Amino acid sequence: METLVKHEIIEGLTAQNKYMASKYFYDATGSRIFQEIMRMPDYYLTDSEFEILSLQAEQIYRALEFSEPFNIIELGAGDGFKTFKLLEFLVAKQVPFNYVPIDISGEAINMLAEKLKSRLPDLSIKPQVGDYFEILKEMSAETIPNLLLFLGSNIGNYLKADALDLLALFHKNMNVGDKLLIGFDLKKNPITITKAYFDEYGITKRFNLNLLQRMNREFGADFKLDDFDFYCHYDPTTGQVKSYLVSLKAQDVYFENFGETIHFKQNELIWTELSKKYSLSEIDHLAQTTGFKPNTHFLDCKHYFSDSLWEK
């Protein structure tokens, strides 16, 4: 594992334009800070999607047009906070379905399963730990229809080519008639987006600096956090939010575990995250390009966010 990690980290930090994979954000500390981000008044994404799944659960269910029992397969289920309202509605209406949350973290899946069994004792839950595609491949061998959930605007963290590859893999591991409900953050007033990602409280800055702190803790690096700053930029033309750490001076950082020294020039950037915002027409085009038929866009009241339903 450490060989793979070393390759990724050293490759990113020695590239002409330095970068660090955003997956490294989510150690225990990073996950706690992200919970703070989601509670910020200007961070609209979580509330927007929660509103959709809370108030439009019946419309989503009717749009599925499944005439038999089905699976709801959630990719990267996490704590299941937003999905709960949809599950609650379906259970209350005695709709026959199985909830299949998938996550790479066994601890997260166990906690989610225990919580749901307590709050929704009539829910049929079949938790899975492991790789999305291996589990999807196994489940697609069955004849029961599937609704895949890929929520939280996770698709926005992928470059275009990577997003296309990921969606093509989803399509490949689904059966004809299966559905995909996928979350997209929509293009909107650039000020609204900037406030969500470049907050005045410095929480997002702490979230990004924790990447360096994690390198210090886990890989013996000697990053000095005071020698780095945070910058975030939204381009309303491309819809891309890009986040960076900025080296405030020329400096060397030594990774003791790897025996590697990384040089930073003054004002050099480390690209840490992409968050792409979409128009509705871009969402439809993405569906069609990857073999899906776009069905319905479920929007929150401010039209900030869409959970879009696609069909194979």
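Residues numbered from 1 in each chain as written. Predicted model: local features only at pLDDT ≥ 70, side-chain atom pairs only at ≥ 80, totals over all residues. Heavy atoms only, no water.

1. Regarding the overall build of the protein chain
Then step 1. Looking only at helices and strands, the protein chain features 11 helices and 13 strands.
Then step 2. By principal-axis analysis of the C-alpha atoms, the protein chain measures approximately 65 × 40 × 35 Å.
Then step 3. Across the 312 residues of the protein chain, 49% fall into the buried class.
Then step 4. Within the protein chain, contacts between residues at least 6 apart in sequence are counted, and of these 73% link residues at least 24 apart.
Then step 5. Total accessible area on the protein chain stands at roughly 15200 Å², and carbon and sulfur atoms take up 50% of it. (Helix = DSSP H or I, 4+ residues; strand = E, 2+ residues; numbered from the N terminus. Buried < 20%, exposed > 50% of the residue type's maximum accessible area, 1.4 Å probe, protein only. Contact = heavy atoms within 4.5 Å. Areas by Shrake-Rupley, 256 points an atom, 1.4 Å probe, with all protein chains shown as cover.)

2. A few points about the pattern of salt bridges
Then step 1. Applying the stated rule across the entire model yields 14 salt bridges.
Then step 2. A salt bridge links Asp 27 to Arg 217; the shortest N-O distance between them is 2.4 Å. Residue Asp 27 is found in the loop between helix 1 (2–13) and helix 2 (28–38), and its partner Arg 217 is found in helix 10 (residues 203–219); the two are separated by 190 residues along the sequence.
Then step 3. Judged by its relative accessible area of 10%, Asp 27 is buried.
Then step 4. Of the residues examined, Arg 217 reaches a relative accessible area of 43% and is grouped as partly exposed. (Salt bridge = Lys/Arg side-chain N within 4 Å of Asp/Glu carboxyl O.)

3. Observations concerning the sheet that holds strand 7 (residues 228–235)
Then step 1. Overall, antiparallel pairing links the 3 strands, which are arranged 7-8-11 in an open sheet. Taken across any chain shown, the strands that pair with only one partner, and hence form the sheet edges, are strand 7 and strand 11 (269–276). Strand-to-strand twist across the sheet, computed as the mean angle between neighbouring axes with direction ignored, equals 20°.
Then step 2. Bridge analysis of strand 7 against strand 8 (residues 240–247) gives 8 bridges, and the strand direction is antiparallel. Across the sheet, residue Phe 228 finds its bridge partner in strand 8, namely Ser 247.
Then step 3. The strands touched by helix 9 (residues 190–197) are strand 7, strand 8 and strand 11; relative to strand 7, the strand with the most contacts, the crossing angle is about 155°. (Pairing = 2+ DSSP bridges. Axes fitted to C-alpha atoms, helices over the stretch in contact; angles between N-to-C directions.)

4. Considerations on the packing of aromatic side chains
Then step 1. Counting across every chain of the model gives 23 aromatic pairs.
Then step 2. For the ring pair Phe 25 and Phe 207, a centre distance of 4.3 Å and an interplane angle of 15° mean the geometry is stacked. Taken together, the residues Phe 25 in the loop between helix 1 and helix 2 and Phe 207 in helix 10 connect sequence positions 182 residues apart. Assigned by exposure class, Phe 25 and Phe 207 land together as buried.
Then step 3. Taken together, the aromatic side chains of Phe 25, Tyr 26, Phe 34, Tyr 43, Tyr 197 and Phe 207 make up a single cluster linked through ring pairs. (Phe/Tyr/Trp six-rings, centres within 6.5 Å; stacked < 30°, edge-to-face > 60°.)

5. Observations concerning helix 8 (residues 160–172)
Then step 1. In a regular helix each residue adds 1.5 Å, so 13 residues correspond to 18 Å; helix 8 covers 18 Å between its end C-alpha atoms and thus fits that length.
Then step 2. Inspection of helix 8 places Ala 163, Leu 166, Leu 167, Phe 170 and His 171 among the buried residues, and these make up the whole buried set. Buried positions in helix 8, seen along its axis, are confined to an arc of 145° and lie on one side of it. The exposed residues of helix 8 that point more than 90 degrees off its buried face are Asp 165 and Lys 172. (Expected span 1.5 Å × (residues − 1). Arc of directions from axis to C-beta.)

6. Notes on helix 4 (residues 57–64)
Then step 1. Taken together, the buried positions of helix 4 are Ala 57, Ile 60, Ala 63 and Leu 64. Buried residues of helix 4 fall within an arc of 130° about the axis and therefore sit on the same side.
Then step 2. Just beyond helix 4, the residue with positive phi is Glu 65, at close to 55°.

7. Section: unusual backbone geometry
Then step 1. Residues other than glycine seldom take positive phi values, yet Ser 153 does so here, at roughly 55°.
Then step 2. Along the chain, Ser 153 turns up in the loop between strand 5 (146–150) and helix 8.
Then step 3. One non-glycine residue, His 303, lies in the positive phi region at around 60°.
Then step 4. Mapped onto the fold, His 303 is located in the loop between strand 12 (293–299) and strand 13 (305–311).

8. Some points on the pairing of strand 8
Then step 1. Of all 8 residues making up strand 8, 6 are buried, and the element is well covered by its neighbours.
Then step 2. Adjacent in sequence and paired antiparallel, strand 7 and strand 8 are bridged by 4 residues, among which Gly 239 carries a positive phi angle near 80°.

9. Quick word on the packing of helix 2 against helix 10
Between two packed helices, the angle of one axis relative to the other and the distance separating the axes together describe the packing.
Then step 1. Close contact between helix 2 and helix 10 brings their axes to 9 Å; oriented N to C, the two are set at 180°. Taken together, the axes of helix 2 and helix 10 lie roughly antiparallel to each other. Taking contact as the criterion, the partners of Thr 29, Gly 30, Ile 33, Phe 34, Glu 36 and Ile 37 in helix 2 are, on helix 10, Ile 203, Thr 204, Arg 206, Phe 207, Asn 210 and Arg 217.
Then step 2. Each residue belonging to the contact of helix 2 with helix 10 can be placed in one class, and the counts come to 5 nonpolar, 4 polar and 3 charged. (Parallel < 35°, antiparallel > 145°, perpendicular 65-115°, else oblique. Nonpolar A, V, L, I, M, F, W, Y, C, P; charged D, E, K, R; others polar.)

10. Some remarks on the pairing of strand 1 (residues 70–75)
Then step 1. Extensive coverage of strand 1 is indicated by the burial of 6 of its 6 residues.
Then step 2. Residue alternation in strand 1 divides its side chains into two sets, Phe 70, Ile 72 and Glu 74 and Asn 71, Ile 73 and Leu 75, and both sets are buried.
Then step 3. Here strand 1 pairs with strand 2 (residues 97–103) via 6 bridges, running parallel. Residue pairing across strands places Ile 73 opposite Val 100, the latter belonging to strand 2.
Then step 4. This β-α-β element, strand 1 to helix 5 (residues 83–92) to strand 2, shows right-handed connectivity.
Then step 5. Relative to strand 5, strand 1 runs parallel, the two sharing 4 bridges. Looking at strand 5, one finds that Ile 73 is bridged to Leu 148. (Right-handed = clockwise from strand over helix to strand, strands pointing away.)

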